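Here is what each chain is made of, one letter per residue.
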Amino acid sequence: MPPPAGRLKAAAAAVAAQQKAAADASDETPPIDAPDVDAASESQPTPPSNDLLDAVSAFKGPSGAKSKRASQKLRSAALALTLTSSTNIPWGDFDYLTTNATVDPASLSNEKLKRHLRARDELAEGTKQELIERLQHSLEEERQRRIAIELELEAKHRATADLEEAGAVYATGKNAAGQLGLGDLDDRHAFEVIPSTRGQNVQHVSVGGSLALATTESHAVYAWGSGPTGLANSHQTSIYKTPQLVSKLTGEEIITTAVGANHACAASEGGDLFVWGFGVAAGAEEDTAMTPQPKYVDTVAVSSIECGEMHTCVTTKEDEVYAFGHGANGRLGHGRSDSNHQPTPLPVRLPTLETVTLIACGSEHTLLCTRLALYSFGCGDGGRLGHGPDFSDRYEPCEIASLRGAHILSISAGTWHSACVVHVPPLDESGWLYTWGSGFQGQLGQGTVCKVSTPTLVQHFVEEGMSVKSIHCGPTHNAAITHDGNLYTWGSNKHGALGRAIDETMSFTSRPGVVAEFGTIVKRIGRGLPRSVALGREFTIIATHPYTGPTEEEANKLAEERRMHDEADRTKRAAQAQAEADERKRIEEVEAEKRKIEYLTSRRLCTMDRKCPGFTYETNQPSICRECGFSVVYHTIVAEEERP
């Protein structure tokens, strides 16, 4: 063991090292999150710790046990010094050197300048002035790089925003089969843009099962999800997480599509009909046959198409209606209970010669609309046909009596329910919403009522003063476009299909609510109002119009103006309230003074002596009544007229 004198020198060296570290740390301000240090105290070296001084002084005494204890104390103090002497300075950090107002490179010591330079991969040699200039130059270069990166990112954001604001497709809800087209299998609880659809000017979207189709203005058809995608080398179990071009339809001038549970259809601008998928619903002769890619059906020239789960209904250029696919429960409307398999389109006969204007297919039923009547046929379970307490199936179109003479603007059919919009003059192309059937997840929009057998008005829109332009039914939720172009949703929200928040304790709501993320700016990008709406099982797909609202700068300006207006309004209301309070106080004080004067100047009768004519003070005792001898405190009755 070295002699005490040697250990004393080691301790002294440790003290000197600590003092030097404290002196170095005093040359610059601690990090931003450290406590402020007084400028005068920064120039003074921090004294060594008490433990270290005690250990050093202990060596001045006798050796032995005390020296041994001092040696242990010295080791502990040296360890503490090692742990506490680090300064936590982020050497070379741009933000630390530029945003901390108390850090000036010109005031740093040579050692610190070099440490900052080395941390930034710069040469750490030369005079102090050279070191300062080199550090400042390095910081300026990084500042310029950051500005260039920000400008590049902003340019990319603006380019993305310009594309999206020209129109895009948004998705929310269940995504187990990639049906949202967002590149993964995660559910969404708010609408999110499908990146590849930005700027594609999608005109129409349709869904069925776990499949989604989108048709652009240039007649390109894209598919994603799982099911009858129509893609080459695709199988029913294939999953496509992002939109894929259906090349078989390229050049066919497709303008609209429809999707069932296991089949899909497309119609061209000229009226050509294409079908693909599984079974007779896809035009095959057998239920087990597969038509993997779109096949032209040379039968009728179509103008609109709709798909149920296993059947299809079309209108023709001659205003006729045809149906094909599975015909169980009469959903094809051909008038025969044995018409369960119909691979080719056959006409649907109405009881009158009226022209059909709208068609809609539910899972097992169909709706047809003429100018003055609405017809339904197919499965009647749950009241979905709207014929009152008679829930029997209908094998040919039957008029819904309660809507006779109504001008129908929009119709839609879900799994167990149906809906329509009835025009109400003088509204312009909008009206009131009616629903019927069964909806145990709130899809009827009838509050706590889950089953109605005839069309029933949805009171919410009437109470809110909003009319409806179009209605869209999914299996378990609904969506409506109101007269102002906004999207409202209600029904099941188990997987986020409503695209908005509802009561966290419930998985559904029967109250329609607005989805505020359309027709406004979201994440610095404008979203247009909905153009085409498609509802699948627990998911929703929306194609939008181009965004026509204010720019981001204009929106920020408007928001600031609104904030300032609201602030001025609050200030004005507060000042007005204060003025009213001051006026009330002034009036109360005036009234109190009047009452006081009236009290003091009035004749006050005694409550103890009814014969007292009124308080008259005694000259020697002003608080005593000269007439009755009682104190003034007993004279509290103000006489308005003479007591009898």
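## Looking at the overall build of the protein
Phase 1: Across its full length, the protein carries nine helices and 32 strands.
Phase 2: The 644 residues of the protein split such that 44% are buried.
Phase 3: Across the protein, contacts joining residues at least 24 apart in sequence account for 50% of those joining residues at least 6 apart.
Phase 4: Total accessible area on the protein stands at roughly 32,800 Å², and carbon and sulfur atoms take up 52% of it.

## Overview of the side chain of Thr435
Phase 1: Structurally, Thr435 is set in strand β21 (residues 431-438).
Phase 2: Using a relative accessible area of 0% as the deciding quantity, one classes Thr435 as buried.
Phase 3: Of the polar contacts made by the side chain of Thr435, one reaches the backbone oxygen of Leu444; its length is 2.8 Å.
Phase 4: At 3.0 Å, the side chain of Thr435 and the side chain of Gln446 are in polar contact.
Phase 5: Apart from residues no more than four positions distant in its own chain, Thr435 is found in contact with Ser418, Ala419, Leu444, Gln446, Val452, Thr454, Pro455, Thr456 and Val458.

## A word on the packing of helix α6 (residues 110-119) against helix α7 (residues 128-165)
Phase 1: Put simply, α6 and α7 touch, their axes get as near as 10 Å, and they point 35° apart. As for the relative orientation of α6 and α7, their crossing is left-handed in sense. On α7, the residues that touch Asn110, Leu113, Lys114, His116 and Leu117 of α6 are Lys128, Leu131, Ile132, Arg134 and Leu135.
Phase 2: Looking at the contact of α6 with α7, its residues break down into five nonpolar, two polar and three charged.

## Section: the packing of aromatic side chains
Phase 1: Inspection of every chain in the model, using the stated rule, returns six aromatic pairs.
Phase 2: Considering the side-chain rings of Tyr170 and Phe518, the 5.6 Å spacing of their centres and the 90° angle between planes classify their relative orientation as edge-to-face. Taken together, the residues Tyr170 in strand β1 (residues 169-173) and Phe518 in the loop between β26 (508-515) and β27 (520-522) connect sequence positions 348 residues apart. For the pair formed by Tyr170 and Phe518, the shared burial category is buried.
Phase 3: Arranged with centres 5.1 Å apart and planes meeting at 70°, the rings of Phe191 and Phe518 form a pair that is edge-to-face.

## Notes on the sheet that holds strand β11 (residues 302-307)
Phase 1: The strand order across the open sheet built from four strands is β11-β12-β13-β14, with neighbouring strands paired in antiparallel fashion. A single partner strand is all that each edge strand has here, and the edge strands are β11 and β14 (341-347). Put simply, the sheet's adjacent strands are angled 15° from each other on average, direction ignored.
Phase 2: Pairing between strand β12 (residues 311-316) and strand β13 (residues 321-326): five bridges, direction antiparallel. If you follow Thr312 over to β13, its bridge partner there is Phe324.

## With respect to a nonpolar patch on the surface
Phase 1: On the surface, Met608, Phe630, Val633 and Tyr634 cluster together to form a nonpolar patch covering roughly 370 Å² of accessible area.
Phase 2: Given a relative accessible area of 48%, Met608 falls into the partly exposed group.

## Concerning the sheet that holds strand β3 (residues 202-208)
Pairing between the strands of a sheet comes from backbone hydrogen bonds, and it takes one of two forms, parallel or antiparallel.
Phase 1: The antiparallel open sheet is built from four strands, whose spatial order is β3-β4-β5-β6. If you trace the sheet from one side to the other, it starts and ends with β3 and β6 (239-245), each paired once. For this sheet, the mean angle separating the axes of adjacent strands, direction not counted, is 10°.
Phase 2: Here six bridges tie strand β4 (residues 210-216) to strand β5 (residues 221-226), and the two strands are oriented antiparallel to one another. Its bridge partner being in β5, Leu213 is matched across the sheet by Ala223.

## Focus: unusual backbone geometry
Phase 1: Here the bond from Pro425 into Pro426 is cis, since omega is 0°, no more than 30 degrees from zero.
Phase 2: Phi angles above zero are rare outside glycine, and Asp121 is one such case at about 60°.
Phase 3: Here Asp121 is to be found in the loop between α6 and α7.
Phase 4: On the basis of relative accessibility, which here comes to 74%, the residue Asp121 falls in the exposed class.
Phase 5: The phi dihedral of Lys523 is positive, around 55°, even though this residue is not glycine.
Phase 6: Structurally, Lys523 can be placed in the loop between β27 and β28 (525-527).

## With respect to the pairing of strand β7 (residues 254-259)
Phase 1: Counting buried positions along β7 gives five out of six residues, so the element sits mostly inside the fold.
Phase 2: Counting the residues between successive antiparallel strands, the hairpin from β7 to strand β8 (residues 263-268) contains three residues.

## Considering the confidence of the model for the protein
Phase 1: Mean pLDDT over the protein stands at 86; residues scoring 70 or higher make up 85%.
Phase 2: Every residue in residues 1-9 scores below 50 in pLDDT, and together they form eight contacts with partners more than four places removed in sequence or on other chains.
Phase 3: Note on residues 80-86: pLDDT is under 50 here. Beyond four places in sequence and across chains, it has two contacts.

## Thoughts on α6
Phase 1: Among the residues of α6, Lys112, Leu113, His116 and Leu117 are the ones counted as buried. Looking down the long axis of α6, one finds its buried residues gathered within 135° of arc, a one-sided arrangement.
Phase 2: The first or second residue beyond α6 is Asp121, which carries a positive phi of 60°.

Cut-off values and rules
Position labels on residues start from 1 in each chain and follow its written sequence. Confidence filtering applies because this is a predicted model: local features only for residues at pLDDT of at least 70, side-chain atom pairs given and counted only at 80 or more, and all residues used for totals across whole chains, interfaces and linings. Side-chain numbers come from the whole structure's heavy atoms, not from hydrogens or water. Where helices and strands are cited, they refer to DSSP runs of H or I of at least four residues and of E of at least two residues respectively, numbered from the N terminus. Remark: exposure states derive from per-residue accessible area (1.4 Å probe, protein chains only) relative to the maximum for the residue type, with buried under 20%, exposed over 50%, and partly exposed in between. Note on contacts: a residue pair is in contact if any heavy atoms of the two residues lie within 4.5 Å. Residue exposure ignores everything except the shown protein chains as possible cover, and the areas themselves are Shrake-Rupley values with a 1.4 Å probe. Here a polar contact means two N or O atoms within 3.5 Å. Within protein one must be a hydrogen donor candidate and the other an acceptor candidate, and residues neighboring in sequence count only if both atoms are side-chain atoms. Axis geometry follows a simple rule: fit a line to the C-alpha atoms, using only the stretch in contact for helices, then measure angles between N-to-C directions, giving values from 0 to 180 degrees. Helix crossings are classified by the rotation of the near helix relative to the far one: an anticlockwise turn of less than a right angle makes the crossing left-handed, while a clockwise turn makes it right-handed. Gly counts as polar in this scheme, as do all residues outside two lists: the nonpolar Ala, Val, Leu, Ile, Met, Phe, Trp, Tyr, Cys and Pro, and the charged Asp, Glu, Lys and Arg. Two aromatic rings, drawn from Phe, Tyr or Trp (for Trp, its six-membered ring), form a pair once their centres lie within 6.5 Å of each other, and the interplanar angle then sorts them: stacked below 30 degrees, edge-to-face above 60, tilted otherwise. Only strands that DSSP links by at least two bridges are regarded as paired with each other. Nonpolar side chains (Val, Leu, Ile, Met, Phe, Trp, Tyr) are joined into patches within 5 Å and like charges within 9 Å, using only residues with over 30% relative accessible area and no salt bridge. Counted as salt bridges are all cases of a side-chain nitrogen of Lys or Arg within 4 Å of a carboxyl oxygen of Asp or Glu. Looking at any residue, its pLDDT shows the predictor's confidence there, from 0 to 100. Read the arc as the range of directions from the helix axis to the C-beta atoms.

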